[in-house]
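Here is what each chain is made of, one letter per residue.
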Amino acid sequence: MAELTPPRTVLVTGATGGVGSAVARRLHADGWIVYAAHRKPTDEAALRDAGYTPVRMELTDEESLATAAETVGPRLDGLVNSAAVMGQGPVELTPAEAWRRQFEINVIGQTAVIRAFLPALRSASGRIVNVGAVSARVPPPFFGPIAASKAALSALTQALRMELRHQGVKVSLVEPGAMDTPIFATADKASAETGWAGSSETQQLYARALDAVRTTAARQTLGPVDPAVTAIVRALTARRPATLYTTGRDGRALALLRFLPDGVRERLLLRGMGVTAEAFAKTPVPVG
Ligand SMILES: NC(=O)c1ccc[n+]([C@@H]2O[C@H](COP(=O)([O-])OP(=O)(O)OC[C@H]3O[C@@H](n4cnc5c(N)ncnc54)[C@H](OP(=O)(O)O)[C@@H]3O)[C@@H](O)[C@H]2O)c1
């Protein structure tokens, strides 16, 4: 399939992160003018040195988005919505504050970015690429917060695509599997800061399972960001971009699990995370 000439301008959110920085690098090398969204002032110089135009944006601050839209100007060919945070932990132990942060950034913040830049995208018949996660379709245990936020992103992306169908703006969703980026360390730090909800007795119900999940995660080799980056570039440049790109070997394998009967899929997911029935034993184990 013939590909379009690379459009001129792209805004990459989360350009200081694992996926966003790799996307910005690839698009810049391909000749795009890259607006690199960051939130910490200390990141600005490095982004400028890399050849991008840094744009300060905090997803939860609509004023910062309006200022960023003014910087980018009246035309924008591509928006890559990569900025996000990952909330993890049992549904019962996740405090309301952590749920709010998860949805405030990954859903409300993402839609605010889309709202802020749609006028410029419309002017250029541009493209939107939302970065979701395969956990939206096959939510693993103890990753409910991130999976729920990505399921919401998936739903709103599908609605948005139909709403923009006759406005010349194409919308794609890229759903990667696990990738080796700072998102896991950031998530651990945020969980440690927020702490768990529930009494110590309730927390003990999950202690062994959480230990098992941590042990399994420590042994896991995470995939590279390259397949997700390639899919994002394809969604921006293909004459007929796909509505959904599922990327990474584990991402594609996980997506297939949704065709299994619920009971089989859930047993496989628990086993894959190292969580056995004994892990739910009601013995007093402190939650780490
Ligand atoms: N890594 C994975 O395993 C994985 C798997 C599936 C899907 N994904 C998705 O891929 C995308 C990129 O993730 P990643 O792995 O590259 O994560 P990452 O390395 O942690 O990068 C996240 C980026 O988002 C920015 N960000 C976070 N909160 C923000 C806010 N409130 N306002 C503005 N920017 C904010 C961060 O800025 P700071 O640098 O200032 O914190 C950072 O640039 C995300 O949508 C993620 O959910 C990742």
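Details of the structure are given in the entry above.
Rules used throughout
- Residues numbered from 1 in each chain as written.
- Predicted model: local features only at pLDDT ≥ 70, side-chain atom pairs only at ≥ 80, totals over all residues.
- Heavy atoms only, no water.
- Near = heavy atom within 4 Å.
- Polar contact = N/O pair within 3.5 Å; in protein donor to acceptor, adjacent residues only side chain to side chain.
- Areas by Shrake-Rupley, 256 points an atom, 1.4 Å probe, with all protein chains shown as cover.
- Buried < 20%, exposed > 50% of the residue type's maximum accessible area, 1.4 Å probe, protein only.
- Helix = DSSP H or I, 4+ residues; strand = E, 2+ residues; numbered from the N terminus.
- Pairing = 2+ DSSP bridges.
- Right-handed = clockwise from strand over helix to strand, strands pointing away.
- Salt bridge = Lys/Arg side-chain N within 4 Å of Asp/Glu carboxyl O.

### Considerations on the site of the ligand
Phase 1: Surveying the vicinity of the ligand reveals 27 residues, the closest of which are Thr16, Val19, Glu58, Met179 and Thr181.
Phase 2: Here a nitrogen atom of the ligand and a side-chain polar atom of Glu58 are 2.8 Å apart.
Phase 3: Interatomic distance of 3.0 Å between a backbone N/O atom of Leu59 and a nitrogen atom of the ligand.
Phase 4: Protein chains bury 92% of the 910 Å² of accessible surface belonging to the ligand in isolation.

### Brief notes about the pairing of strand S4 (residues 78–81)
Phase 1: Neither face of S4 is open: one carries Gly78 and Val80, the other Leu79 and Asn81, and all of them are buried.
Phase 2: Here 4 bridges tie S4 to strand S5 (residues 127–131), and the two strands are oriented parallel to one another. Paired with Val80 across the bridge in S5 is Val129.
Phase 3: In this view, the connection linking S4 to its parallel neighbour S5 by way of helix H4 (residues 96–123) has right-handed handedness.

### Quick notes on the pattern of salt bridges
Phase 1: Counted according to the given criterion, the structure contains 8 salt bridges.
Phase 2: The salt bridge partner of Arg39 is Glu58, with a shortest N-O separation of 3.7 Å. Of the two residues, Arg39 sits in the loop between strand S2 (33–38) and helix H2 (44–49) while Glu58 sits in the loop between strand S3 (53–56) and helix H3 (62–72), which places them 19 residues apart along the sequence.
Phase 3: Across the salt bridge formed by Arg48 and Glu44, the nearest N and O atoms sit 3.0 Å from each other. You can see Arg48 and its partner Glu44 sitting in helix H2, 4 residues apart, about one turn around the helix.

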